[in-house]
Amino acid sequence: MKRTVFSLAWLALAGALSATAYAESLEDAWQAALSASHPLRADHYRIEAAREDVRAAEAAGRPKLDLQGSWTALDDEPRARVDLSPFRRGPLAAVVPGSLEVPLADNSLALAQAKVSLPVYTSGRLDALRDAARLAEAATAHGTDRTRLDVKLQVAETYFAVLRAQEARQVAAQYLDSLTAYRRDVGNFHSQGLVPRGDVLGADVALADARQKVIAADEAFRVASAAYNRLLGRPFDQLVRLDGRSLPRETRRYEDLVQLAGERRPELAALSARSQALQARSRSVRAEGGPQVGVFASYQYLDHPALVKKGIAAAGIGVEWAVFDSGLTRARAASVAREAEAAQEERDDAESLIRLDVRQALSQENDAAERLKVAEAALASADEYLLIQRDRYANGLASQTEVLTAEARRAESRRNLFNARYDHALAVYRIRRATGEL
C-alpha cells in the first residue's frame, strides 16, 4: 500500500515537473490564438451573412407564394335606395312607396387570396444580382484570410517580445550578480587597504543601478506576458514559458518573393472580388430599367351575399417596364460602377504597398542577420575584456571606471545579441506575412 501511494505521488510530481518544464512553441501559440481571436469570430459571422445574401439572391428567381386575408366589420349594413316614383301612378300610387332601401351586403366582409408568382425574364437583373452576392462572399472569405495572417503575425510579435523581455531579465540578473561579486571583492580590497573608500561607494552606486534594471526588466516581462496571454484568451497573469528559436536566412530573391506575394496575398484577391461584385451589382441596377416579365396564378375568395360564386381562380402574365424615370436607374448604376473603379484603384495601390512590405521585411532580415554575426563576436570580446580589466584592477593596474565600463559593455553585448537574434526571427515571419505564406 505504501509503495502504491509512493508511486502515485512520484507520478504526480513527475507530471507537474514536465508541465512546468514544457515550453510553448509558436505553432501552439498560433493554434490557441486563432481559436480565441474575436476578429476571426467576427469575420466568421460576416461570412455567414454573405452566404445568406447569396441564398437571398438565388431565392429571388424562384416561385413566391403570397397569402392575404382580411375581415372587415362595418357599423351598419351597406344599403341602396331605389326610386319607385315612376310606379306610383293610378291605383298603385297609394300602395307603392316613393323609395325603397335594399341591403347590399352584411355588416361584415371576409376576403382571402393566394397568389403564386414567378419571374421569367428580368433583363439579366437576377443573374447579375446572384453574381454580385457570390463575389461579395468570396471577398469576405479573403478578408478572413487576411485577418488570420494578421493575428498570426501579431502573436509572433508578442511571442518574441516575451522572449526578448525574458532575455533582458536574465541579462539584468546576471549583471546584478556580477556587480554583487565585484562589490564583494572591492569591499575585501578596501578592508585590506588596497583601494580607497571611493571605490566602495562607486561599486554601491553601480549595484543600486543594476537592481533598478532588474526591477524594470521584471515589470517589462510581466507586461509582455500579459499582452501575449490576452491574444491567446488566457488570464493576464498566467505563467508563460516559451520556446526560443533561431531561423535560417531567407535565400529567395526579391523578385520571386514579390511574385509569390501577388499570387497569395488575400488583400489583392479580396479587392479584386469586391470590384467584380460591384460591377455585377451595377449591371443588376441597370437591368431594373429593362422589361420585367413574370407569370402568376391566384385564387381569391370573397364572402359577399350578392355573388353567386365566391371563389375565383385566375392566371396571367405581367410586364413592367420603366421606360422613362428621369435618369434615376442610370444614375444609381453609374454610382455603383464608380465604386467598382475605386475598389480597383485600391487594389493597384495595395499591390505597390505589398511590394514595399516585401522590400522592408527583406531589408530587416538582412540587417538583423548581419547584426547577429557582429553581436556574437562582440560578446566574446566583451567577456574577455571584462576578465582582463578585473585582473588588472586586482593588481592595481586599472581603475574602477574601467571595470564598470567593461561590465556595462558585456551586458550591452548580451542585449545586442538577443535583440539581433529575435529581430532576425521576427523579420523572417514578416517576410512570410508579406508573401502570404504565414
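Predicted model only: the values in this text are computed from it and were never measured. Numbering of residues starts from 1 in every chain and runs along the sequence as written. Local features in this predicted model are restricted to residues of pLDDT 70 or higher, and side-chain atom pairs are both shown and tallied only at a pLDDT of 80 or more, whereas totals for entire chains, interfaces and linings draw on every residue. Excluding hydrogens and water, the side-chain values take into account all heavy atoms of the structure.

**As for a nonpolar patch on the surface**
Right, on to step 1. Each patch is assembled from residues with relative accessible area greater than 30% and no salt bridge, linking like charges that lie within 9 Å and nonpolar side chains (Val, Leu, Ile, Met, Phe, Trp, Tyr) that lie within 5 Å. Areas reported here follow the Shrake-Rupley algorithm with a probe of radius 1.4 Å; residue values treat only the protein chains shown as occluding. Any Lys or Arg side-chain nitrogen located within 4 Å of an Asp or Glu carboxyl oxygen qualifies as a salt bridge. On the surface, Val120, Tyr121, Val295, Ile317 and Val319 cluster together into a nonpolar patch covering about 480 Å² of accessible area.
Right, on to step 2. Helix numbering and strand numbering both begin at the N terminus, where a helix is a DSSP run of H or I of at least 4 residues and a strand a DSSP run of E of at least 2. Along the chain, the position of Val120 falls in strand S4 (residues 108-121).
Right, on to step 3. A simple rule labels every residue: compare its accessible area, found with a 1.4 Å probe on the protein chains alone, to the largest value its type can have, and call it buried under 20%, exposed over 50%, or partly exposed in between. Overall, Val120 belongs to the partly exposed group, its relative accessible area being 48%.

**Details of the sheet that holds strand S6 (residues 311-320)**
Right, on to step 1. In short, DSSP must find at least two bridges between two strands for them to pair. Strand order in the open sheet made by the 4 strands is S1-S4-S5-S6, with antiparallel pairing throughout. This sheet does not close on itself; its edge strands, each paired only once, are strand S1 (64-73) and S6. Direction aside, neighbouring strands of the sheet carry axes that sit 20 degrees apart on average. All axes here are fitted lines through C-alpha atoms, helices being fitted over the stretch that makes contact, and every angle between N-to-C directions spans 0 to 180 degrees.

**Re the environment of Arg164**
Right, on to step 1. Mapped onto the elements, Arg164 comes out in helix H4 (residues 125-191).
Right, on to step 2. Along the chain, Arg164 and Gly244 lie 80 residues apart, while their C-alpha atoms are 9.5 Å from each other.
Right, on to step 3. For this analysis, residues touch if any pair of their heavy atoms sits within 4.5 Å. When neighbours within four sequence positions are excluded, Arg164 is seen to be in contact with Phe418, Asn419, Tyr422 and Asp423.

**Considering helix H6 (residues 254-264)**
Right, on to step 1. Buried within H6 are the following residues: Tyr254, Leu257, Leu260 and Ala261. In an axial view of H6, the angular spread of the buried residues amounts to 125 degrees, which keeps them on one side of the axis.
Right, on to step 2. For H6, the secondary structure elements touched by its buried residues are helix H7 (266-287), helix H8 (328-394) and helix H9 (400-435). For this quantity, the arc is that covered by the directions from the helix axis to the C-beta atoms.

**Digging into the packing of aromatic side chains**
Right, on to step 1. Stacked, edge-to-face and tilted labels apply to pairs of Phe, Tyr and Trp rings (six-membered ring for Trp) whose centres lie within 6.5 Å, assigned for plane angles under 30 degrees, over 60, and everything in between, in that order. Considering all chains together, one arrives at 7 aromatic pairs under this definition.
Right, on to step 2. On the basis of an interplanar angle of 55 degrees and a centroid distance of 5.7 Å, the ring pair of Tyr182 and Tyr393 is categorised as tilted. Highlighted residues: Tyr182 in helix H4 and Tyr393 in helix H8, separated in sequence by 211 residues.
Right, on to step 3. Working rule: Lys NZ or Arg CZ, within 6 Å of ring centre, within 35 degrees of ring normal, means a charge sits over the ring. In this arrangement the basic side chain of Lys115 is found over the ring face of Phe296, its NZ or CZ atom lying 5.0 Å from the centre.
Right, on to step 4. The residue whose ring lies beneath Arg169 is Phe221, and the NZ or CZ to ring-centre distance is 4.0 Å.

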